[in-house]
Each structure stands twice: as structure tokens, then as C-alpha cells.
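# Descriptive analysis of the structure
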Amino acid sequence: MKTVSVGTRQSALALTQTQWVMDRLRKLQPDWEWRVEKILTKGDRILHVTLSKLGGKGLFIKEIEGALLEGRIDLAVHSMKDLPAEMPEGLAIAAVTPREDPRDCLISRSGAGLDELPAGAVVGTSSLRRQAQVLVRRPDLVVKPVRGNVETRLRKLEEGQFDAIVLARAGLSRLGLEDRITEVLAVDKMVPAVGQGALAVQCRGGDESVFRLIRRINDPETEKAVRAERAFLHAFQGGCHLPVAAYAQVEGEKVLLDGLVASPDGRRVLRDRQEGNGAEEVGCRLAEKLLRQGADEILSAVRAEVER
Ligand SMILES: NCc1[nH]cc(CCC(=O)O)c1CC(=O)O
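Residues numbered from 1 in each chain as written. Predicted model: local features only at pLDDT ≥ 70, side-chain atom pairs only at ≥ 80, totals over all residues.

### A look at the overall build of the protein chain
Put simply, the test is: A run of DSSP states H or I qualifies as a helix once it reaches four residues; a run of E qualifies as a strand once it reaches two. Both are numbered from the N-terminal end. When we talk radius of gyration, it's over C-alpha atoms, and the globule rule is simply 2.2 Å times the number of residues to the 0.38. Every C-beta atom is placed from the backbone, and the number of other C-beta atoms within 10 Å of a residue's own sets its class: buried at 20 or more, exposed at 12 or fewer, partly exposed in between. Residues are treated as contacting if the C-beta atoms built from their backbones sit within 7 Å of each other.
A tally of regular secondary structure across the protein chain gives 11 helices and 13 strands. For 308 residues, the compact-globule formula gives about 19 Å, and the C-alpha radius of gyration of the protein chain, at 19 Å, lands near that figure. Per-residue burial for the protein chain yields a buried fraction of 46% across its 308 residues. Counting contacts in the protein chain only where the partners sit at least 6 residues apart, residues at least 24 apart contribute 72% of the total.

This is how it looks when you write it as C-alpha cells:
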């Protein structure tokens, strides 16, 4: 009997996601023995530094990719939005799972939505993308960083450290915490992170039997949407630590991509849309549009600030 080790981060969200993927794969291949291997990543270990200062890219991924390359695990389940654009040689994304609701949501203590929070209310988020878009709409709010997994952030909210926090709906629903949501933020209020709501299943490219099995749970429509979004992000050499957002919808052959680049203080916002048939081409075209409008200037300032 073949034994397959599935690597995952240790958070409740990561474990739930891994279990979901594993259950589907086990049904397709009940003869193999399936086991979970929990891996502690740098991003989980270092909680006292803000994410953008830690350097962002691949923080939750590197150790897991290392374990794959060394053969300690055979596949790994990641939140697509935590996955950097570049992947080590020898690894492959064999499947992208059907996307759940990609939207962000607001959880507030008083029950007030984003437009109703009182001036000066404190919103917790460590994402420059979320920070920028909160401030675009509500420059009178105060954004403060919050770290930790979903449950930790909810606890910090309850303790009164914040009046509201912003989290992905997909994560909350996977954890059965949807009842905590105050307001689901429409995509035009808060453009989601690249890949938000989708999972990536990764393995060694040369591991044919595992690759072929995983491939069977791939969702081609989500894969195409995510390819457009990731091409857009890649054009800025960025990861989830940049104030860059994109959301693609696939309609038949067509991809409709909405993208945003904003300054962290929300004072400058570039937003545009591109459609076409080729996912990567749509992503690159949209990035070129925003670069012509000054995206580079905004992002260079962010990079200088982060490296300071
Ligand atoms: N960066 C942490 C992370 N990675 C993926 C999700 C949510 C689930 C998803 O987007 O698939 C979250 C939590 C959050 O941002 O609220």
C-alpha cells in the first residue's frame, strides 16, 4: 500500500482545508494510506513583527515547500492567496479547488457596518490591501495591525483592542464562524486578495501518480480566474503584502478582471478593468494599464517604507 503524507500549517483553518482536500482525494484513491503532517512555518512562529516588515512573500509556505522537495511530504494544501507567484523548481500546483465566496467581511463589536462606524473607530488588519480600501472609504477611521490566526483575531476584537476587524468570508465559513460576520463587503467596496477563497494543492512535478490524482479535483474555471489574478500581481513583483487587489470572473471563454492598486493611506487609488480570452494576457494588460496610471510610484513608496 502506498502512503501519502499531506503537509499543512497547524492553524484550525489550514487543518480544515487540508481535511477537506484529503477527504476528496481519499474517495478517489481509497487504497492509499493518507496521513497529515503538521508543519510550523516562519509566519506562524514569529508573531510579534508586522507581516509587511517580515518580508511577506512566502512566509507561510517556505518550510512546507522544503518538506515537499525533500520528500518528507507528498502534497500540500495552501490558501491560494498565501502562495507567492514564484515557485521552486520541481514543484507544481496540480489543482485549484472551486472558489468559495471571495469577499472580505467586517466583524464589528457594535454591529455597525463599514459606513456606520463612528469617526475614530479602530479597525484591525495587517493587510495593506485591506487598510488602503478601508481608508479610501472611511479616511476618518484608524487602522491598526492585528496578527495571529482567525480565532486569535476574533478574540482580540472581543477583548476590545479593536472596534472592528476585516477577515475573508471563506476562512470564516470553513471554520463555521459565519455567524460572526457583521457585513459582507461587496467587491466594489473591497476588492479581494488575489486567489482569495480558493485552495491550491501542490506536489512534486515529477511525482506522476500523485499529480494525476490531484489533477482530478481541479476546477478549471477557478484555475483560469486565479491565473489572471496572479499574472496581474506578478507584474508588480508582489505578494499579499502589497496594497494590490484583483478579482476575476470567468464567463464562457472570457475573463473579466478587476484590479486595484492603492496607497496604504487610501489617498491614491487606481482601479480598472480588463477583459479578454487569455488569462495571463488579461492580467498583464490590466497591470500595464495601472502602471501607466502611476502604480509603480505608489508601490515603490510602499517598498521603501517596508524596507526602512
Ligand atoms: N492570510 C491568512 C489567510 N489566508 C487565507 C485566509 C482566508 C481563506 C481564503 O482566502 O481562502 C486567511 C485569513 C483571512 O485573510 O481572513
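Read on, since the account is not over.
### Focus: the environment of I73
Tracing the backbone shows I73 in the loop between α4 (62–70) and β3 (75–79). Residue classification places I73 among the buried residues on the basis of 24 C-beta atoms within 10 Å. The spacing of I73 and G7 is 66 residues in sequence and 5.8 Å in space, taken between C-alpha atoms.

### Here we look at the nonpolar core
Inclusion rule: Any set of buried Ala, Val, Leu, Ile, Met, Phe, Trp, Tyr and Cys residues joined through C-beta atoms within 7 Å is what this text calls a nonpolar core.
Counting 81 residues, the largest nonpolar core has L75, I165, V201, I214, A228, F232 and A246 as its most contacted members. Residues in contact with A246, not counting those within four places in the same chain, are V191, V194, E229, F232, L233, L257, D258 and G259.

### Some points on the sheet that holds strand β10 (residues 199–204)
For the record, the criterion: When DSSP locates at least two bridges between a pair of strands, those strands are taken to pair. Every axis corresponds to a line fitted to the C-alpha atoms, with the helix fit spanning only the stretch in contact, and the corresponding angles, defined between N-to-C directions, vary from 0 to 180 degrees.
Sheet architecture is open: 5 strands sit in the order β2-β1-β3-β10-β4, paired in mixed fashion. Whereas interior strands pair on both sides, the edge strands pair on one side only; in this sheet they are β2 (33–38) and β4 (91–96). Taking each pair of neighbouring strands and ignoring which way they run, the sheet shows an average axis angle of 30°. Here 2 bridges tie strand β1 (residues 3–8) to β3, and the two strands are oriented parallel to one another. Residue V6 lies in a different strand from β3, and its bridge partner there is L75. Along the sheet face, helix α1 (residues 12–28) touches β1, β2, β3 and β10 and points at about 155° away from the line of β1.

### Regarding the domain arrangement of the protein chain
For clarity, the cut-off: Domain segmentation is taken from an automatic or database assignment of domains.
What the domain assignment lists for the protein chain is domain 1 (3–97 + 198–218), domain 2 (104–184) and domain 3 (233–307). Taken over C-alpha atoms, the centre of domain 1 sits 27 Å from the centre of domain 2. Each partner contributes residues to the interface: domain 1 has 9 residues there, and domain 2 has 11 residues. Those elements that provide at least two residues to the side of domain 1 that touches domain 2 are α1 and α3 (51–54). For the side of domain 1 that touches domain 2, the leading source of residues is α1, giving 4 residues.

### Looking at the sheet that holds strand β11 (residues 244–251)
In space, the 3 strands of this open sheet follow the order β11-β12-β13, with antiparallel pairing throughout. With partners counted over all chains shown, the strands left at the sheet margins are β11 and β13 (269–276), one partner each. Across this sheet, the average inter-strand angle for adjacent strands is 10°, counted without regard to direction. Bridge count for β11 against strand β12 (residues 254–262) is 8 bridges, and the pairing is antiparallel. Bridge pairing links V250 to V255 in β12. Here helix α9 (residues 220–234) sits on the sheet in contact with β11 and β12, set at roughly 150° to β11.

### Quick notes on the site of the ligand
Formally: Note on definitions: a residue is near a molecule or strand provided its C-beta atom, placed from the backbone, lies within 6 Å of it. Only Asp, Glu, Lys and Arg are considered charged in this grouping, and only Ala, Val, Leu, Ile, Met, Phe, Trp, Tyr, Cys and Pro are considered nonpolar; every other residue, Gly among them, is considered polar.
Taken together, S79, K81, D82, V150, L167, A168, A170, G171, Q196 and G197 make up the full set of residues near the ligand. Looking at the shell around the ligand, the elements that each hand over two or more residues are β8 (164–168) and α7 (169–174). Its residues assigned to classes, the shell around the ligand comprises 4 nonpolar, 4 polar and 2 charged. Inspection of the shell around the ligand shows a minimum of three residues originating in each of domain 1 (3–97 + 198–218) and domain 2 (104–184).

### Quick look at the confidence of the model for the protein chain
Note the cut-off: As a per-residue measure, pLDDT reflects the predictor's confidence and takes values from 0 up to 100.
On average, residues of the protein chain score 93 in pLDDT, and 94% of them are at 70 or above. Across the predicted assembly, pTM comes out at 0.93 and ipTM at 0.95.

### Description of the pairing of strand β5 (residues 104–108)
In terms of burial, β5 is a largely internal element, 5 of the 5 residues being buried. Because side chains alternate across β5, one face comprises the buried residues D104, L106 and S108, and the other comprises C105 and I107, equally buried. Where β5 and strand β9 (residues 183–184) come together, 2 bridges link them in antiparallel fashion. Pairing of C105 across the sheet is with V184, part of β9.

### Details of helix α11 (residues 295–307)
Here is the rule we go by: To estimate the expected span of a helix, subtract one from its residue number and multiply by 1.5 Å. What the arc covers is the set of directions going from the helix axis to the C-beta atoms.
For α11, which comprises 13 residues, the first-to-last C-alpha distance of 18 Å matches the rise-based estimate of 18 Å (1.5 Å per residue) to within 8%. Within α11, burial applies to A295, I298, L299 and V302. Seen end-on, α11 carries its buried residues on one side only, within an arc spanning 90°. Facing away from the buried side of α11 by over 90 degrees, the exposed positions are E297, S300, A304 and E307. Along its buried surface, α11 packs onto α5 (128–137), β12, β13 and α10 (279–292).

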